[in-house]
Amino acid sequence: MIPGAFEYHRPGSVDEAVTLLTQHGDEGRVVAGGHSLIPMMKLRLAVPTHLIDLGSVADLKDIKAVGPVIEIGAMTTQHDLIASDLLAGACPILREVALTIADPQVRYCGTVGGNVANGDPGNDMPAVMQCLDASFLLRGPKGDRQVTARAFYEAAYFTARADDEILTSISIPAPATGHGYAYEKLKRKVGDYAIAAAAVVLTMEGGTCKNAAVALTNVGDTPIYVEAAGTSLVGTPVDDGVIAKAVAAAKAAAQPAADMRGPKEYRAHAAGVMVDRAIKRALARAKG
Amino acid sequence: MNKTAVKMTVNGQAVEGKAEPRLLLIHFLRDELGLTGPHVGCETSHCGACTVDLDGKSVKSCTVFAVQAEGANITTVEGMANADGSLSALQEGFMQEHGLQCGYCTPGMIMRAHRLLQENPNPSEAEIRMGIAGNLCRCTGYQNIVKAVRYAADKLNGQREAAE
């Protein structure tokens, strides 16, 4: 379990990191928390010959509210998300999700940027970012550009990020005050990836659903934003009949593979159950 | 691949060694520094036997390169005893509550519990169980491990109250 040899770089700024990445092309990889990449390197499934460590780039670790938008630096760890008072108030689903990821030691190292950028369909944050309609800021040799989470994921480990770009921050439109939220994750044990998981964020006003978003984790090659599930809830009191429609839409959108977590029929069914639970829990939390 | 000089503080001592970039921290601690308290278990960041405290975080030292720990402040189980050499509250707890059978997971358990108690000095049983969720004990001795952590919490809280 010894990784292949590589040269280690520790740039002090994002621009310096982009320059190194441009110089080394396919041979270079950026490492953030390292808890996806280093295990892959130990298995020699990843063999970068230049490792560019973002550990010394200080300005990537903020969580701040900029007007109606929450900005989270890419190097913010899962532990930081859990500990953030700002997020506990403005966007508590992130804490709920982070607590389902891996285990305490891994959460001290694993970053939100790595979780959304590496394109592993098992990662939990991508679907949540789609649910929240977040955008990712990418910096490359030609400057910055923004890509929405809903347009970012192309296939397993393939995203809209080019090889010479670095994901530097995540922007989340702050959900309305009093919104309801839930992340339901079915997993075999602590630390495992989901058999199926669902993120739901919704807003109620006078007993009627004003807006709603639903997204799924690990039941396809990418996270799945199920637009039809969200729209089926809007304008309704979110009663059982409507929830059943949203669940049906989510199950129809799920495309799980059969693996050691179960056959595809089971995992699609589990996705439906997670959506059902997540909508009900989000509804119970919503004010209005 | 050339070795580079790596400096860090381990158990309060400034140390310096040479490491190839691909050398994992667990191997640097064990092979370069002779600190064999942190154990090599699963090597896949699941079992937690290699857990050490790094700049106030519990980390699995099998999933960190030594070069990444440049300048870090690290504590291993070797640094856990009190200044006079007596056992720390956690070590005493593992002894008193029979918190180990084979002992392989124990250094990782103690280092993880150490950080847990720094962050939450009075954890419930559920909080202890979730707090050590990244550490596996294959003797399945969790019941007594949880008791050992609780023993240490009670002892440390008692000492804190007596001091006030």
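The structure reproduced in this document is the subject of the present report. Only a predicted model underlies this, so the values are computations on that prediction, with no experimental measurement involved.

### A closer look at the overall build of chain A
And then number 1: Counting secondary structure elements, chain A contains twelve helices and 14 strands.
And then number 2: Its C-alpha atoms give chain A a radius of gyration of 19 Å, within 12% of the compact-globule value 19 Å for 288 residues.
And then number 3: Counting only C-alpha atoms, chain A reaches 60 × 45 × 35 Å along its principal axes.
And then number 4: Of all 288 residues assigned to chain A, the portion counted as buried reaches 56%.
And then number 5: The contacts of chain A with a sequence gap of at least 6 include a subset with a gap of at least 24, amounting to 62%.
And then number 6: Of the roughly 11,500 Å² of accessible surface on chain A, a fraction of 53% belongs to carbon and sulfur atoms.
And then number 7: Of the side chains in chain A, 28 bear a positive and 31 a negative charge, and the two mean positions are spaced by 6 Å.

### Things to note about the overall build of chain B
And then number 1: Helix and strand content of chain B: five helices and five strands.
And then number 2: Sequence-ordered secondary structure for chain B, helices as α and strands as β, is β-β-α-β-β-β-α-α-α-α.
And then number 3: At 16 Å, chain B has a C-alpha radius of gyration in line with the 15 Å of a compact globule built from 164 residues.
And then number 4: Dimensions along the principal axes, computed over C-alpha positions, put chain B at roughly 50 × 35 × 25 Å.
And then number 5: Of the contacts made within chain B by residues no fewer than 6 positions apart, 56% connect residues no fewer than 24 positions apart.
And then number 6: Carbon and sulfur atoms make up 48% of the accessible area of chain B, which amounts to about 7,500 Å² in all.
And then number 7: Separation between the mean location of the 15 positive side-chain charges and that of the 18 negative ones in chain B comes to 5 Å.

### Let's talk about the packing of aromatic side chains
The description of an aromatic ring pair uses the distance of the two centres, along with the angle that the planes make with each other.
All names here are of chain A.
And then number 1: Here the structure, examined in full by the defined rule, presents four aromatic pairs over all chains.
And then number 2: Aromatic side chains Phe 136 and Phe 152 sit 4.9 Å apart centroid to centroid with 85° between the ring planes, which places their arrangement in the edge-to-face category. A residue pair is termed long-range when its members are at least 10 positions apart, and Phe 136 in strand 6 (residues 135-140) and Phe 152 in helix 9 (residues 149-152) qualify at 16 residues. Across the pair, Phe 152 and Phe 136 agree in class, each one buried.
And then number 3: Through pairs of rings, three or more aromatic residues link up here, namely Phe 136, Phe 152 and Tyr 153.
And then number 4: The ring of Tyr 225 carries the charged tip of Arg 150 above its face, separated from the ring centre by 3.8 Å.

### Describing the interface of chain A and chain B
Size of an interface: often given as the accessible area lost when the parts come together.
And then number 1: The partner chain B presents 31 residues to the 27 residues of chain A that form the contact.
And then number 2: Summed over both sides, the interface between chain A and chain B buries roughly 2,300 Å², with carbon and sulfur atoms accounting for 63% of that surface.
And then number 3: A salt bridge links Asp 103 of chain A to Lys 60 of chain B, with the nearest nitrogen and oxygen atoms 2.6 Å apart.
And then number 4: At the junction of chain A with chain B, the criterion picks out nine residue pairs in polar contact (both at pLDDT 80 or more).

### A look at the pairing of strand 10 (residues 166-173) of chain A
A regular strand places its side chains so that they alternate between the two faces of the sheet.
Residues and elements named next belong to chain A.
And then number 1: Of all the eight residues making up strand 10, seven are buried; the element is thus mostly covered by neighbouring parts of the structure.
And then number 2: Summarising the sheet, strand 5 (residues 69-73) and strand 10 pair through five bridges and their orientation is antiparallel. Looking at strand 10, one finds that Val 69 is bridged to Pro 173.
And then number 3: Strand direction decides the pairing type here: strand 6 and strand 10, joined by five bridges, are antiparallel. Residue pairing in the sheet places Leu 137 in a bridge with Ser 169 of strand 10.

### Section: the packing of helix 11 (residues 240-253) of chain A against helix 12 (residues 264-285) of chain A
Helix-helix packing is described using two parameters, namely the angle between the two axes and the distance between the axes.
Residue and element names in this part refer to chain A.
And then number 1: One can describe the packing of helix 11 onto helix 12 by two numbers: an axis separation of 9 Å at closest approach and a directional angle of 140°. As for the relative orientation of helix 11 and helix 12, their crossing is right-handed in sense. Along the contact surface, helix 11 presents Asp 240, Ile 243, Ala 246, Val 247, Ala 250 and Lys 251, while helix 12 presents Ala 268, His 269, Gly 272, Val 275, Asp 276, Ile 279 and Lys 280.
And then number 2: Looking at the contact of helix 11 with helix 12, its residues break down into seven nonpolar, two polar and four charged.

### Here's the deal with helix 3 (residues 106-119) of chain B
Residue and element names in this part refer to chain B.
And then number 1: With 14 residues, helix 3 ought to run about 20 Å at 1.5 Å a step, and its terminal C-alpha atoms sit 20 Å apart, in line with that.
And then number 2: Most of helix 3 is tucked away: twelve of the 14 residues are buried.
And then number 3: Within helix 3, burial applies to Thr 106, Pro 107, Gly 108, Met 109, Ile 110, Met 111, Arg 112, Ala 113, His 114, Arg 115, Leu 116 and Leu 117.

### Topic: a nonpolar patch on the surface
And then number 1: Taken together, the side chains of Met 1, Leu 43 and Leu 45 of chain A present a nonpolar region at the surface, about 300 Å² in accessible area.
And then number 2: Topologically, Leu 43 of chain A is positioned in the loop between helix 2 (37-42) and strand 3 (50-53).

So, how was this worked out
- Residues numbered from 1 in each chain as written.
- Chains lettered and ligands numbered in written order.
- Predicted model: local features only at pLDDT ≥ 70, side-chain atom pairs only at ≥ 80, totals over all residues.
- Heavy atoms only, no water.
- Helix = DSSP H or I, 4+ residues; strand = E, 2+ residues; numbered from the N terminus.
- Rg over C-alpha atoms; globule rule 2.2 N^0.38 Å.
- Buried < 20%, exposed > 50% of the residue type's maximum accessible area, 1.4 Å probe, protein only.
- Contact = heavy atoms within 4.5 Å.
- Areas by Shrake-Rupley, 256 points an atom, 1.4 Å probe, with all protein chains shown as cover.
- Lys, Arg positive; Asp, Glu negative; His and termini not counted.
- Charge placed at Lys NZ, Arg CZ, Asp CG, Glu CD.
- Phe/Tyr/Trp six-rings, centres within 6.5 Å; stacked < 30°, edge-to-face > 60°.
- Lys NZ or Arg CZ within 6 Å of the ring centre and 35° of its normal.
- Buried area = accessible area lost by both parts, 1.4 Å probe.
- Salt bridge = Lys/Arg side-chain N within 4 Å of Asp/Glu carboxyl O.
- Polar contact = N/O pair within 3.5 Å; in protein donor to acceptor, adjacent residues only side chain to side chain.
- Pairing = 2+ DSSP bridges.
- Axes fitted to C-alpha atoms, helices over the stretch in contact; angles between N-to-C directions.
- Left-handed = near helix turned anticlockwise from the far one by under 90°.
- Nonpolar A, V, L, I, M, F, W, Y, C, P; charged D, E, K, R; others polar.
- Expected span 1.5 Å × (residues − 1).
- Patch = residues over 30% accessible without salt bridge, like charges linked within 9 Å, V, L, I, M, F, W, Y side chains within 5 Å.

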